Amino acid sequence: MPSINRKLIDTISDLLDLLADLFQGFSEFPSRVTTEVNPLANLFVELWPFVDRLMTEFVNEDGVVEAICRLIKHGMRSMSD
């Protein structure tokens, strides 16, 4: 099994945390949306193939998995219903 650059792992985790922060920052957004479709839902749908691939590739990297879980948690909360 090839080794993975630790700096790359840290960068991926940091970028996932930034995305999670984006969704967390918009946690109040759904209550203010007057349209039927939450715009954050489209962003989450667009991100999902990337997240799915990361979960497959980095399943043994705790930092990446934790960052993915945080992203999913805040993404789901920001979309509310």
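Source: prediction; values computed, not measured. (Residues numbered from 1 in each chain as written. Predicted model: local features only at pLDDT ≥ 70, side-chain atom pairs only at ≥ 80, totals over all residues. Heavy atoms only, no water.)

Enquirer: Can you walk me through the nonpolar core in this structure?
Expert: Across soluble globular proteins, nonpolar side chains have a tendency to be buried as a group. Among the nonpolar cores identified, the biggest contains 16 residues, and L16 and V64 are the most heavily contacted of them. Listing elements by their share of this core, those giving two or more residues are α1 (6-25), α3 (39-57) and α4 (62-79). (Core = buried A, V, L, I, M, F, W, Y, C linked by side-chain atoms within 4.5 Å. Buried < 20%, exposed > 50% of the residue type's maximum accessible area, 1.4 Å probe, protein only. Helix = DSSP H or I, 4+ residues; strand = E, 2+ residues; numbered from the N terminus.)

Enquirer: Explain the packing of aromatic side chains here, please?
Expert: Aromatic rings considered in pairs are described by the distance between their centres and by the relative angle of their planes. On inspection of all chains with the given rule, the structure shows two aromatic pairs. Between the aromatic rings of F23 and F44, the centroid separation amounts to 5.7 Å while the plane-to-plane angle is 85 degrees, which identifies the pairing as edge-to-face. In this pair, F23 sits in helix α1 while F44 sits in helix α3, placing the two residues 21 residues apart along the sequence. Residue classification places F23 among the buried residues on the basis of a relative accessible area of 0%. Exposure remark for F44: the relative accessible area of 11% places this residue in the buried category. (Phe/Tyr/Trp six-rings, centres within 6.5 Å; stacked < 30°, edge-to-face > 60°.)

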